[in-house]
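Now for the letters of each chain:
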Amino acid sequence: VQLVESGGGLVQAGGSLRLSCAASGNIFSISAMGWYRQAPGNLRELVAHITTGGTTTYADSVKGRFTISGDNAKNTVYLQMNSLKPEDTAVYYCADRVGSNNWRYWGQGTQVTVSS
């Protein structure tokens, strides 16, 4: 499976960005897709994920501001990020999951920078 992210950039606090993650290859065993982020000096954290059945889960820090969605026809997952805060600044990674908790392949990451 190959995962390619796009859509990062620089935005002012309160602004919005939409990240995309296009999946290709042997995607049939995927049970969910997720977005992680990692800021300098921090551990990588799960921001949101969506199962193949459409169930979504969010980190408390982004609830009400971020929305994850998927387009099965395009094998693409999106992360709509609104009301961005400086603390959202990080490299955002897309990942696929097989089974209940095996996050397997990762994209190359896309930088999101939120200025105050």
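This is a predicted model, so every value here is computed, not measured.

**Let's talk about the pairing of strand E9 (residues 90-98)**
The element E9 is extensively covered by neighbouring structure, given that eight of its nine residues are classed as buried. Pairing analysis gives seven bridges linking strand E4 (residues 32-38) to E9, with the strands arranged antiparallel. Paired with Ala32 across the two strands is Arg97, which belongs to E9. Two strands pair when backbone bridges link them, and E9 and strand E11 (residues 110-115) are joined in this way by three bridges, in the antiparallel orientation. Each residue of the ladder has a partner; that of Val91, found in E11, is Gln111. In terms of strand pairing, E9 meets strand E10 (residues 102-106) through three bridges, oriented antiparallel. Within the sheet, the bridge partner assigned to Val98 lies in E10 and is Asn102.

**Focus: the nonpolar core**
The biggest cluster of nonpolar side chains holds 28 residues, and the ones touching the most others in it are Met33, Trp35, Phe66, Ile68, Leu79, Met81 and Tyr92. Secondary structure elements with two or more residues in this core: strand E3 (17-24), E4, strand E5 (45-51), strand E7 (66-71), strand E8 (76-81), E9 and E11. Looking at this core, the element that brings in the most residues is E3, giving four residues. What Met81 contacts, discounting residues up to four positions off in sequence, is Gly15, Ser16, Leu17, Leu19, Arg65, Phe66, Tyr92 and Val112. With five residues, the next largest nonpolar core counts Tyr36, Tyr93, Ala95 and Trp103 among its residues.

**Some details on the pattern of salt bridges**
Applying the stated criterion to the full structure yields five salt bridges. Measuring nitrogen to oxygen at the nearest pair gives 2.6 Å for the salt bridge that ties Glu45 to Arg37. A residue is classified by how much of its surface remains accessible, and Arg37, at 5% relative accessible area, is buried. In this structure, Asp88 and Arg65 form a salt bridge, with 2.8 Å as the shortest nitrogen-oxygen distance. Pair noted here: Asp88 is in the loop between E8 and E9 and Arg65 is in the loop between strand E6 (56-58) and E7, with a separation of 23 residues, a long-range link. For the pair shown, Asp88 and Arg65 are each scored as buried.

**Describing unusual backbone geometry**
Of note, Asn75 is a non-glycine position whose phi angle comes to about 50 degrees, a positive value. The topology assignment puts Asn75 in the loop between E7 and E8. Within the chain, Ser83 stands out as a residue other than glycine whose phi angle is a positive 50 degrees. Summarising the element assignment, Ser83 is placed in the loop between E8 and E9.

The rules behind each value
Residues numbered from 1 in each chain as written. Predicted model: local features only at pLDDT ≥ 70, side-chain atom pairs only at ≥ 80, totals over all residues. Heavy atoms only, no water. Buried < 20%, exposed > 50% of the residue type's maximum accessible area, 1.4 Å probe, protein only. Helix = DSSP H or I, 4+ residues; strand = E, 2+ residues; numbered from the N terminus. Pairing = 2+ DSSP bridges. Core = buried A, V, L, I, M, F, W, Y, C linked by side-chain atoms within 4.5 Å. Contact = heavy atoms within 4.5 Å. Salt bridge = Lys/Arg side-chain N within 4 Å of Asp/Glu carboxyl O.

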